[in-house]
Structure formats: structure tokens, C-alpha cells
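Structural features, examined
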Amino acid sequence: MGTWKSRGLRGSLLEEELNQTISLYREKNLALIQKIPTPITPIELDKSHKQITLAYFDRKSTVDYVGVVQGIPVCFDAKECHKDSLPLQNLHAHQMAFMNDFMKQGGISFIILSFTERNEIYYVPLRELLRFTKRMEEGGKKSFRYDELLCSHRIYRKKDLLVHFLEALNEDILLLNEMSSE
């Protein structure tokens with residue numbers, strides 16, 4: 001089996017912490033969010049360890065999580081980067097399209113981004129991601145750096161909530177309301 005550093009398991013620590021947080025949100029009636037499994041077809045199995053050793057993706061997945069927070073539909077993806085830069089190729093076109101369509105339907109779309117070397121996690125709204133992808137499409141950089149985040153909100157641990165993103169989501173909603181009233 002691969003380790004947490006292998007390509008196939010990138011983000012698994014972040015997702016594990018998110019799953020624990022989301023479970024607590026549900027227990028406290030704060031949110032109902034589901035992890036969306038990536039559809040795969042196993043090709044080879046290691047029967048002695050009861051593990052899939054080779055598989056392929058059945059189809060492109062959408063995002064990692066979909067749900068509702070106090071009546072507000074949300075969808076988001078979990079991303080991790082070791083250094084201070086996230087390659088935009090990690091934001092797949094079909095995921096960006098899904099998040100954009102979700103937003104057009106009145107939902108809120110974002111990513112939860114962990115800068116592992118800094119041990120910092122951020123809520124990054126779709127509008128900020130679209131700014132970076134537009135820059136790339138116009139011939140600019142194919143990544144964005146930690147210090148370029150403008151509309152993002154740092155996520156802090158709070159007791160047993162390891163990735164407590166509801167405060168960042170609330171800050172973003174307040175900002176969106178301000179922007180729409182101007």
C-alpha cells in the first residue's frame with residue numbers, strides 16, 4: 001500500500017480531519033455534508049492484505065464534499081500542497097465547472113487548502129480560484145502562491161474540530177452579502 005506521501009493518497013490526512021470535523025458538525029446539527037467517493041474499478045487485489053493494488057477511475061468525479069450548512073448548499077474539494085504553491089492542474093476543469101454550476105444554482109463553492117509545510121489550512125472561495133485560472137488562460141502563471149491569496153480565510157482548530165471551516169464560510173457569506181449590496 002502507498003504511504004500518505006504517495007500521489008494516490010495526497011490529501012488523505014486533510015480528508016481524515018475534515019471527515020472527523022464534518023461528523024461533529026452533524027452531531028451538533030450544524031451541517032449535513034457527505035464525502036463523495038471517487039468511483040474506481042479494481043484490477044488487481046492483494047488478497048493476503050485485502051487491499052486493492054491496481055485500479056482505474058470509472059469516470060471523472062465532481063468534488064470531494066457536498067452538503068448543506070444551516071440551509072445553505074455547499075460543495076468543496078480538499079487540496080494539499082507541500083510547498084507554498086498550488087499548481088492549477090490540481091484543480092481539474094470538470095471540478096471547476098461543477099463548482100461554477102453549483103454556484104449558479106445558489107450554492108457556495110470553495111476548496112479547503114492545506115499548506116502542509118506551514119501547517120496552515122485555508123478556505124479558498126471559487127471566485128478566487130477563478131481569478132487564478134483566468135490569469136493562467138491569459139498566458140500567466142500555472143499556479144498560485146500562498147502570498148497571493150486575497151479573499152481566503154485561515155481555518156483554525158477549535159477543540160475537537162480539527163478543520164473548523166464554518167467560521168471561514170460565515171466570513172465569506174458576510175463578504176458576499178457586502179459585495180452584492182454595493
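For clarity, every value in this text was computed on a predicted model and none was experimentally measured. (Residues numbered from 1 in each chain as written. Predicted model: local features only at pLDDT ≥ 70, side-chain atom pairs only at ≥ 80, totals over all residues. Heavy atoms only, no water.)

1. Things to note about the packing of aromatic side chains
Tallied over the full model, the rule gives 11 aromatic pairs. Taking the centre distance of 6.1 Å and the plane angle of 45 degrees together, the rings of Phe-110 and Phe-165 count as tilted. Residue Phe-110 is located in strand β7 (residues 108–115), and its partner Phe-165 is located in the loop between β10 (153–155) and α4 (166–181); the two are separated by 55 residues in the primary sequence. Phe-110 sits in the buried class, given a relative accessible area of 0%. Owing to a relative accessible area of 0%, Phe-165 belongs among the buried residues under this scheme. Taken together, the ring pairs connect Tyr-25, Tyr-65, Phe-76, Phe-110, Tyr-123 and Phe-165 into an aromatic cluster. Arg-118 extends its terminal NZ or CZ atom over the ring of Tyr-146, reaching a point 3.6 Å from the ring centre. (Phe/Tyr/Trp six-rings, centres within 6.5 Å; stacked < 30°, edge-to-face > 60°. Helix = DSSP H or I, 4+ residues; strand = E, 2+ residues; numbered from the N terminus. Buried < 20%, exposed > 50% of the residue type's maximum accessible area, 1.4 Å probe, protein only. Lys NZ or Arg CZ within 6 Å of the ring centre and 35° of its normal.)

2. Concerning the confidence of the model for the chain
Summarising the model, the chain shows a mean pLDDT of 86, and 86% of its residues fall at 70 or more. When pLDDT is averaged over each helix and strand of the chain, the minimum, 65, is found for strand β3 (residues 51–57) and the maximum, 97, for strand β4 (residues 65–69). Taken together, the stretch residues 1–11 has pLDDT below 50 and engages in 9 contacts with residues farther than four places along the chain or on a different chain. (pLDDT = per-residue confidence, 0-100. Contact = heavy atoms within 4.5 Å.)

3. Points about the sheet that holds β4
Read across the sheet, 6 strands follow the order β1-β4-β5-β7-β8-β10 without closing on themselves; strand pairing throughout is mixed. One side of each edge strand has no neighbouring strand; the edge strands of this open sheet are β1 (31–35) and β10. The sheet shows a mean angle of 25 degrees between the axes of neighbouring strands, direction not considered. Sheet topology note: the strand β8 (residues 120–125)/β10 ladder contains 3 bridges and is antiparallel. (Pairing = 2+ DSSP bridges. Axes fitted to C-alpha atoms, helices over the stretch in contact; angles between N-to-C directions.)

4. Some points on the pattern of salt bridges
Considering all chains together, one arrives at 13 salt bridges under this definition. One salt bridge connects Glu-15 with Lys-35, and the closest N-O pair in it is separated by 3.5 Å. A residue pair is termed long-range when its members are at least 10 positions apart, and Glu-15 in helix α1 (residues 12–27) and Lys-35 in strand β1 qualify at 20 residues. The exposure class of Glu-15 is buried, given its relative accessible area of 18%. A relative accessible area of 31% means that Lys-35 is categorised as partly exposed. One connected set of salt bridges, linked through shared partners, spans Glu-15, Lys-35 and Asp-64. (Salt bridge = Lys/Arg side-chain N within 4 Å of Asp/Glu carboxyl O.)

5. Considerations on the environment of Glu-80
Note on placement: Glu-80 falls in strand β5 (residues 72–81). Residue Glu-80 is classed as buried on the basis of its relative accessible area, which comes to 18%. A C-alpha to C-alpha distance of 8.9 Å links Glu-80 and Ile-121, two positions 41 residues apart in sequence. Separated by 3.4 Å, the side chain of Glu-80 and the backbone nitrogen of Leu-14 make a polar contact. (Polar contact = N/O pair within 3.5 Å; in protein donor to acceptor, adjacent residues only side chain to side chain.)

6. Notes on the nonpolar core
Among the nonpolar cores identified, the biggest contains 26 residues, and Leu-18, Ile-33, Phe-76, Phe-110, Ile-112, Phe-165 and Leu-169 are the most heavily contacted of them. Residue assignment for this core shows that the elements contributing at least two residues are α1, β1, β4, β5, β7, β8 and α4. In terms of residue count, α1 provides more of this core than any other element does, 5 residues in total. Leave out the neighbours within four places in its chain, and Ile-33 touches Ile-22, Tyr-65, Val-66, Gly-67, Val-68, Val-69, Val-74, Phe-76 and Phe-165. Formed by 20 residues, the second largest nonpolar core is a distinct cluster that contains Cys-75, Leu-88, Phe-132 and Tyr-146. (Core = buried A, V, L, I, M, F, W, Y, C linked by side-chain atoms within 4.5 Å.)

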